[in-house]
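Given next are the chains, with one letter for each unit.
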Amino acid sequence: MPPPPPPLGRGRRRAAQAFDEALDDADLMAARTALVQGRWQNARSLLVHTGDDWDRRGHRVTVLARESSCAAWAREWLLAEPESADAAVLLALAQVRRALHGKAKPVRAREACQAAAARAPADPTPWLGLLMLECAVGSDQDVVRTFEAVRGRYADHHHAHHLMVARLAARRTEAGPDPLHEVYDFANWAAEQAPADSPLAILPVIAHAERYRVLAAAGHEPADPAASGHWTGRRARQVMKAAFDWWLEWEQEGHPRRLIDLNFLAHAKFCEGRGAEAAALFHRIGRHATPAPWSYPDRDPNTAFAAARAGALGTA
């Protein structure tokens, strides 16, 4: 049975603006709806068909694990299929999610990730869950060690690189704006190491946005990114141009997290004052906005996205 329609009036407008972490993955949305209703078999089928497409697997497991009832249904799945690596990794990331929200102890989440990793040694997804946890509560050494465990299984893991950039961007906040900050070095290194068709080519843009988030929150940059020189310096212009030129030639439109990159790139181009380039990106994004980076540093992402889109498309 499909879910009921949203209520009429203002509630419908709010629902239309809601961010969906599933992005444009219709199969994931269907499995998530079924999981909320207690039908974990749909999630089972989804993950079987995902196979070793590691970026897609990580995206799907992460989104499913965010549902509040996921841990309970994953345990039921494990009771039915005690040897299931898919059930174990889903439970592990659900436990991570609970730990990040203060509803479970981090040690239990770590144990669940380690148990899932033991069932599927080649799978980077349990380590992705552990990286999410360590980036929030772990030491630098724990973060680096876990990131290397992900890379050892899949060197171009999209989500893991984004997590590392966000973590590194928060270091040495007291230094203020610094074009030589380590987050830029890391992003450039990762982009250079990746294959030519990898979306990690846009990682330097992600690093620029994440560093802005940190600097603005600390008062080193204006709270309005479009009013910040962070986006218009020489280094920034070079990064944005290289990323946009790469995107124009990119032909792999099936990457599960590409819309996250496009939101970051549209945000950067808008803040840079390149309205025509931002408009092209907004057309490709369509209705699939993402909270980050439109919420940076502490803004309402719906309002920020809508205003930027209207400004770029000339509909303000």
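A few points on the structure.

About the cut-offs
- Residues numbered from 1 in each chain as written.
- Predicted model: local features only at pLDDT ≥ 70, side-chain atom pairs only at ≥ 80, totals over all residues.
- Heavy atoms only, no water.
- Helix = DSSP H or I, 4+ residues; strand = E, 2+ residues; numbered from the N terminus.
- Disulfide = S-S within 2.5 Å.

1. Thoughts on unusual backbone geometry
Next up, step 1: Here the residue pair Ala292 and Pro293 is connected by a cis peptide bond, since its omega of 10° sits within 30 degrees of zero.
Next up, step 2: Looking at the element boundaries, Pro293 is found in helix H16 (residues 291-294).
Next up, step 3: With an omega of 0°, the peptide bond between Tyr296 and Pro297 qualifies as cis.
Next up, step 4: If you trace the backbone, Pro297 turns up in the loop between H16 and helix H17 (301-313).
Next up, step 5: Phi at Leu23 takes a positive value of approximately 60°, unusual for a residue other than glycine.
Next up, step 6: Relative to the assigned elements, Leu23 resides in the loop between helix H1 (10-17) and helix H2 (26-36).
Next up, step 7: Even without being glycine, Arg172 reaches a positive phi, approximately 55°.

2. Overview of the state of the cysteines
What makes a disulfide is a covalent bond joining the sulfur atoms belonging to two cysteines.
Next up, step 1: Counted under the stated rule, the structure contains zero disulfides.
Next up, step 2: Between Cys70, a free cysteine, and Cys113, which holds the nearest cysteine sulfur, the sulfur-to-sulfur gap is 12 Å.
Next up, step 3: Between Cys113, a cysteine without a disulfide, and Cys135, which holds the nearest cysteine sulfur, the sulfur-to-sulfur distance is 12 Å.

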